[in-house]
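Tertiary structure, described
Each chain, letter by letter, is given below.
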Amino acid sequence: MTTTSAAAAARATVYGYPRQGGGRELKKAVEGYWKGRITADALRDTAAELRRANWQQLAQAGVHEVPTGDFSYYDHVLDTTVMVGAVPARHREAVSADALDGYFAMARGTRDTAPLEMTKWFDTNYHYLVPELGPDTVFTADSSKQVAEVKEALALGLTPRPVLVGPVTYLLLAKPAPDAPADFEPISLLERLLPVYAELLADLRAAGAGWVQLDEPALVQDRTAFELGAAERAYGRLGALEDRPKLLVASYFDRLGEALPVLAKAPVEGLALDFTETAAANLEGLAAVGGLPGKRLVAGVVNGRNIWVDDLEKSLATLGTLLGLADRVDVAASCSLLHVPLDAAAERDIEPQILRWLAFARQKTAEVVALAKGLGQGTDAIAGELAANRAALASRASSPITHDPAVRARAAAVGVADARRSQPYTERAAAQRAHLGLPLLPTTTIGSFPQTAELRTARADLRAGRIGEAAYEERIKTEIAEVIAFQEKTGLDVLVHGESERNDMVQYFAEQLTGYLATQHGWVQSYGTRYVRPPILAGDVSRPEPMAVRWTTYARSLTDRPVKGMLTGPVTMLAWSFVRDDQPLGDTARQVALALRDEVDDLEAAGTSVIQVDEPALRETLPLRSADRAAYLAWATEAFRLTTGGVRPDTQIHTHMCYAEFGDIVSAIDDLDADVISLEAARSHMQVARELASHGYPREAGPGVYDIHSPRVPGVDEAAALLRRGLEAIPAERLWVNPDCGLKTRGWAETRASLENLVAAARTVRSELSSS
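The structure displayed is predicted, hence computed values, not measured ones.

What follows is about the overall build of the protein chain. Along the backbone of the protein chain there are 29 helices and 21 strands. The C-alpha atoms of the protein chain give 26 Å as radius of gyration, which agrees with the globular expectation for 772 residues (28 Å, within 12%). Principal axes of the C-alpha set define a box for the protein chain whose edges measure 75 × 60 × 50 Å. Burial status across the protein chain gives 61% buried among its 772 residues. Here the contacts in the protein chain between residues at least 6 apart in sequence split such that 80% fall between residues at least 24 apart. Taken as a whole, the protein chain presents about 27,700 Å² of accessible surface, with 51% of it coming from carbon and sulfur. Mean positive and mean negative side-chain charge positions of the protein chain (81 and 102 charges, respectively) differ by 2 Å.

The following block contains the structure:
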C-alpha cells in the first residue's frame, strides 16, 4: 500500500471502553456502597483504579488518545445531567446534601422520591436515565468530573480526549418535565444550554485537553429541518469560541444522512463517522459533500457492537478510499466499546477454533491499532495480523457449526398460515375467558421473582462441585414452592413459577439451543450495576429437547390457579445476543422462532393454558432510520407469530415489553396478535396506555403500576391512581394489573410489600367499578 500524508499520520483511538473491570469490580463497589459495606472514598478509589487500568491498557496497545469522561458510576447521560446542572427539583435537596447520594437517588429513587425515567440508548440494550427538562430549567456548568479525569490521565503521562454527550443529542434525548406545558420541546432550550457547554470547553482546555469529543448519535436518526438547524447553530456557536480545545463531533450506530452536510461545514476540527455495514452510506455521503478538507476524520471501521473479528482487508480498503477525503484519517471502532465484553482471552471454555472468530474490547482495540499501522505504514507492516485474520475468517465460513441443512430446510418450508392463529382475537378472547375464569382487572407478575441468597449459594455450590444436580434441583423445587405459596396468599390471579432455575432470560434458553455459545466472562452493562452475558449466536438454531416444560409443570402441580409458561421471544433472543453477521437477521429470527414454537406446543400439550413469550427488545431493535423499519418489523412480527401461531384458541398468549418508547411501534404490537401485552408504564405515568388507546389497540393490556427498577415500594393509593389513569385509556374488561418488569433484581421484602399493595390497589379499583 502506498502511503499518503493522511495515511502516514493515521492513529488509533476508541470512543469509550467497558467500565466494569475484569472482575466486575465497579458493580461490586457501587453495590457495596449502597449497602453501607464500603465508604464513598473506597468507591472513588476503586473507580480511579479502574480508569487507570483502562487507560494504561489502551496506551500500551497503541491507542494515541485515551477517552476520558466516559467512565460512570451508573450512566453517562445522568453524568451529563449533573454536568449541566439539570437536576430535577425533587432531587435538588438530596444532591445539595450529598452529591454522590443525590446522584444515585436520581438513578434509583428513594423511599419518597421517584427516579428519572429509564429507556434504551438508541437501538442498543444499554439503558440511560432520561433528562427531565422544562421551560424553567436553569443550566449551570459543573466540569469537576471531566476536569478531574483529564488531570488523572495527564498525571499518567497520557493524552486525554474528554468525551461528552453533545448538546443537541442531550436535548433530543430529554423529555418534558411532568409539569411542563404539553407543547414544550426540550430542544427549545438550546440557546440556554450552549453557554454552559462553552464554559465546560474552556475548563477542559485549561485543564490540558487538546481535543474534546462531542457525541451526537441522535443526528443519525430522521431529523426535522428545525432540529438540523439546531445542530447547525450549536456547532456554529461552539466552533466560533476562542477559548476552547479542538472539537471532534462523533456520530455512530447509523448513517448521518441529511445531518452530514451540516456537520461537514461546521467550524469544528474533526468528525467521527461510522463506516460499518449499517452506516456504509456515510462513505458515499462524505464524498458527495466534498470530503472534509482541512479536518480530521476518525473512521469507525471496526464494529464496536458485535464480537466477530473484523475483516481487516475489507476495512483497509474502506480506509484507503477515505484517504482522499480528509487531511487526516484516524482509525476507530464504530462506537464506544461499552457494548462488548472486555476480553475474549478470558474465555477458557470456548473451543480454540471458535475463539479465533471472536473479538471483545481488547481484541477490537488491537484490530484498530493494526489497521492504523497498516494504513500508515503499508500492509507489509501488518502481514502477520492479516494472515491470521484471513485464516480466522475462512475457518468460520467453512465450519459445520454455521450450517445445518435440516434447520435451513424447515425454515424454507414455512408458509403464511404457519404464522397465524386459527381464530381471530375476538373469538379467542371469549374462549379464554370461559376457560380461565379470571376476574375483572386480573393481577399477575411479569415472570421472575427475587433470586434468594440460598439459591445463589446453591448455584455456586453446583458450579464448584460441592453439591450434585439432585441437591440443586431440590433447592429449585423449594424456591418454586415458596413463590407459588406467596402468590396464592397475596391473591394474585395468574401465577408464575418465578424462574429460579434461570440465570438470564436469554442465556438460559441459548444454553439449550443449538447454534448458541455461552461465555463465562462476557459481561456487558445493561444499566447501572446490572450486567448481562449475552450469548453468541454462531450457527443455525434448533431445540434438541424441551426447555421450560418441566418446571412449569411442577409449578402447576402446586396450585389450582393458572400458571404462565415463560419464554423469551425470537427477536429478544437475537437482540440480547451477539448475533451472527453472515446471514440476514430475518433468516436467523425464523430459525429461532421455529425452535421456540416447538417449546410453546409442548407447554400447551403439558396443560399450560397461559404462555408468555417476552419481546422486550422489539422496540429496541427498531432501525434508527424510518426507511429501514418496515422490512425489520415484517420479519420481527412474523417471527413472534410463528412462535405462537400453533396453539389452540383457548390458550392465552401473553407478551411483555419494557423500558423503551412504544408510540412508534403500536401498529407492530398489534401485528404480534398476542392476546395480552404487559408494558412498562409506571415511570412514564401511563403514557403507553394512552398510545395504545390512540391507535385503537383491540386486545388486552397490562401497563405496569409498579416500577421495579427502583427500591421504592409504591403505596396502595399510588398504584390505584396509576390504575385509574390506565382505565381512562383501556376498558376495564381488557385491563390487567402487573409490575413494569420481572422482579429478579429486587429483594424479597420490597417485592412482597409492593405486590401486596398492587393486589390491594386492584381490589380497590375493582370495587369502585362494581359500585359505579
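Read on, since the account is not over.
A word on the pairing of strand β9 (residues 246-250). Judged by how many residues are buried, β9 sits mostly within the fold: four of five residues are covered. As paired elements, strand β8 (residues 211-215) and β9 share five bridges and run parallel to each other. Bridged to Gln-213 within β9 is Leu-248. As a crossover connection, the stretch from β8 through helix α10 (residues 225-239) into β9 is right-handed. For β9 and strand β10 (residues 270-274), the ladder comprises three bridges, and the chain directions are parallel. Among the inter-strand pairings, Val-249 is bridged to a residue of β10, identified as Leu-271. Tracing the backbone out of β9, into helix α11 (residues 259-264) and back to the parallel element β10 gives a crossover that is right-handed.

What follows deals with the packing of aromatic side chains. If you walk through the whole model with that rule in mind, you get 16 aromatic pairs. Consider the rings of Trp-121 and Phe-122, whose centres lie 4.9 Å apart with planes at 80°: the pair is edge-to-face. Note on accessibility: Trp-121 and Phe-122 belong to one class, buried. Judged by centre distance (4.8 Å) and plane angle (85°), the ring pair of Tyr-252 and Phe-253 falls under edge-to-face. When sorted by exposure, Tyr-252 lands in the same class as Phe-253, which is buried. Taken together, the ring pairs connect Tyr-15, Trp-121, Phe-122, Tyr-128, Tyr-252 and Phe-253 into an aromatic cluster. Across the ring face of Phe-226, the terminal group of Arg-233 is positioned such that the distance to the ring centre comes to 5.8 Å. In this arrangement the basic side chain of Arg-396 is found over the ring face of Trp-308, its NZ or CZ atom lying 3.7 Å from the centre.

Turning to empty space enclosed by the protein, a few remarks are in order. Tallied over the entire structure, the rule returns six cavities of 30 Å³ or more. By volume, the largest cavity amounts to about 530 Å³. For the lining of the largest cavity, the residue count by class is 16 nonpolar, 11 polar and eight charged. Space inside the second largest cavity adds up to approximately 70 Å³. Forming the boundary of the second largest cavity are Tyr-17, Pro-18, Arg-19, Arg-51, Asn-54, Trp-55, Leu-58, Pro-67, Asp-70 and Phe-71.

Here is what the cut-offs are and how they apply
Numbers given to residues run from 1 along each chain, matching the order in which its sequence is written. In keeping with the predicted nature of the model, local features appear solely for residues at pLDDT of at least 70, side-chain atom pairs appear and are counted solely at 80 or more, and the whole-chain, interface and lining totals rest on all residues. The side-chain numbers reported here are obtained from all heavy atoms of the structure, hydrogens and water having been left aside. In this description a helix means any DSSP run of H or I spanning at least four residues, a strand means any run of E spanning at least two, and both kinds are numbered starting from the N terminus. As defined in this context, the radius of gyration uses C-alpha atoms, and a globule is described by 2.2 Å times the residue total to the power 0.38. Exposure is judged per residue with a 1.4 Å probe applied to protein chains only, and the accessible area is read against the type maximum: over 50% gives exposed, under 20% gives buried, and values in between give partly exposed. In this analysis, two residues are considered to be in contact whenever any of their non-hydrogen atoms come within 4.5 Å of each other. Accessible surface area values rest on a Shrake-Rupley calculation with a 1.4 Å probe, where residue burial reflects the displayed protein chains alone. The charge count treats Lys and Arg as positive and Asp and Glu as negative. His and the chain ends do not count. Where a charge lies is defined by one atom per residue type, namely NZ (Lys), CZ (Arg), CG (Asp) and CD (Glu). In this analysis, strands are considered paired if DSSP registers two or more bridges between them. With the strands aimed away from the viewer, a crossover counts as right-handed if its path from the first strand over the helix to the second runs clockwise. Ring geometry is summarised as follows: Phe, Tyr and Trp rings, the Trp one being its six-membered ring, pair when their centres sit within 6.5 Å, and such pairs are stacked at plane angles under 30 degrees, edge-to-face over 60 and tilted between the two. We call a charge positioned above a ring when the Lys NZ or Arg CZ atom is no farther than 6 Å from the ring centre and deviates by at most 35 degrees from the ring normal. Both cavities and pockets are sets of points on a 1 Å grid over the protein atoms alone; in a cavity a 1.4 Å probe fits but cannot get out, in a pocket the set is open with protein on both sides within 12 Å along at least five of seven lines, and lining residues sit with an atom within 4 Å of a point. Grid points are joined across faces, edges and corners, and a volume is the space filled by probe spheres set on the points. Amino acid classes used here: Ala, Val, Leu, Ile, Met, Phe, Trp, Tyr, Cys and Pro are nonpolar; Asp, Glu, Lys and Arg are charged; the rest, including Gly, are polar.

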